[in-house]
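Each chain, letter by letter, is given below.
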Amino acid sequence: MKFVRERRGGERRRTIVTKEEEGNLFSVKGGIKHDHNTYMEKLLIIYKNSVQSAYKFLQESKGAWCREANTDFWKRLWSLKIPPKISNFLRRAASGVLPTCFQLQKHYVTVNADCPLCNSSTETIQHALVECSVAKAGWHRSIVDVGAGTATFNSWLLGIFTRRHEVEMEEASMVSWAIWRARNDIVWQKKS
């Protein structure tokens, strides 16, 4: 066992590694060796001690996030004065893992991908929270300008967060959560 020094973002870390791991971690110049071809090996070696870095790596590798554009977004999201369950909901929605009908179908759950509320479009996260006629009714009662349609909920929410109006960001967060909760009550509890 030996200590290996890493440098990330100006901070130094000391990590205990075995002799086999030592040869695999860093080359003389401090860069990552490129002789490891499998995805999981790279993930485990590069980001062994940092869940946050591993999450960023996974998001970037699937094209969900661009590191430079969104670091400020996440800081703003977690600093909002909203309940943690709503922050967590927004994180899931912005990351594209909210269980809409389209997402469920993508993961081989046998459901109809059409929106169960309006039956006019595929129920993506963007549709369920912004574009659906039921969602639009909720947005018309808020101070948030929904604006023109965007491709994803992530880009729509990022647009609101770049305006830097804290009240608008908090209201967008609360209304999005209320729409999702009302949608779930209608779909799963059969409430009207």
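Small disclaimer: the values here were computed from a predicted structure and weren't measured.

**Some points on the pattern of salt bridges**
- Summed over all chains, the structure comprises 3 salt bridges.
- In this structure, Lys81 and Glu166 form a salt bridge, with 3.8 Å as the shortest nitrogen-oxygen distance. One end of the pair, Lys81, is in the loop between helix H4 (67–79) and helix H5 (84–95); the other, Glu166, is in helix H10 (residues 166–188), with 85 residues separating them in the sequence.
- Judged by its relative accessible area of 69%, Lys81 is exposed.

**Side note on the nonpolar core**
- Within the largest apolar cluster, 31 residues are counted, with the highest numbers of intra-cluster contacts made by Leu129, Trp139, Phe153, Leu157 and Phe161.
- Taken together, the elements giving at least two residues each to this core come down to H4, H5, helix H7 (125–131), helix H8 (133–140), helix H9 (153–162) and H10.
- With 6 residues, the single largest contributor to this core is H10.

**Some thoughts on H5**
- The terminal C-alpha atoms of H5 lie 16 Å apart, and with 12 residues this matches the ideal 16 Å at 1.5 Å per residue to within 8%.
- Inspection of H5 places Ile86, Ser87, Phe89, Leu90, Ala93, Ala94 and Ser95 among the buried residues, and these make up the whole buried set.
- Phi for Gly96, located one or two positions after H5, is positive at around 80°.

**A look at unusual backbone geometry**
- Although it is not a glycine, Tyr108 sits at a positive phi angle of roughly 65°.
- Its place among the elements puts Tyr108 in the loop between helix H6 (101–106) and H7.
- Under the relative-accessibility criterion, Tyr108 is labelled exposed at 77%.

**Overview of the packing of aromatic side chains**
- Under the defined criterion, the tally for this structure stands at 5 aromatic pairs.
- Centre to centre, the rings of Phe73 and Phe161 are 4.9 Å apart; their planes meet at 40°, and the pair counts as tilted. With Phe73 in helix H4 and Phe161 in helix H9, the pair connects residues that are 88 residues apart, well separated along the chain.
- On the basis of an interplanar angle of 65° and a centroid distance of 5.1 Å, the ring pair of Trp139 and Trp156 is categorised as edge-to-face. Of this pair, Trp139 sits in helix H8 while Trp156 sits in helix H9, placing them 17 residues apart in sequence.
- Classification of Trp139 by relative accessible area gives buried; the value is 2%.
- Its relative accessible area of 4% is what places Trp156 among the buried residues.
- Three or more aromatic residues joined by ring pairs form one cluster here, namely Phe73, Trp74 and Phe161.

Parameters and conventions
Per chain, residue numbering runs from 1 following the sequence as it is written. Local features in a predicted model are, by the rule used here, given only for residues with pLDDT of at least 70; side-chain atom pairs are given and counted only at 80 or more, and totals for whole chains, interfaces and linings are based on all residues. The side-chain numbers reported here are obtained from all heavy atoms of the structure, hydrogens and water having been left aside. Here a salt bridge means any side-chain nitrogen of Lys or Arg lying within 4 Å of a carboxyl oxygen belonging to Asp or Glu. By definition, any uninterrupted DSSP run of H or I lasting at least four residues is a helix, any uninterrupted run of E lasting at least two residues is a strand, and each is numbered from the N terminus. Classification of residues uses two cut-offs on accessible area relative to the type maximum, computed with a 1.4 Å probe and protein chains only: under 20% is buried, over 50% is exposed, and between them is partly exposed. The nonpolar core is taken to be a set of buried Ala, Val, Leu, Ile, Met, Phe, Trp, Tyr and Cys residues, with the residues joined through side-chain atoms within 4.5 Å. Multiplying 1.5 Å by the residue count of a helix minus one yields the expected span of that helix. Only Phe, Tyr and Trp rings are paired, with Trp represented by its six-membered ring, and only when their centres lie within 6.5 Å; those with planes under 30 degrees apart are stacked, over 60 edge-to-face, the remainder tilted.

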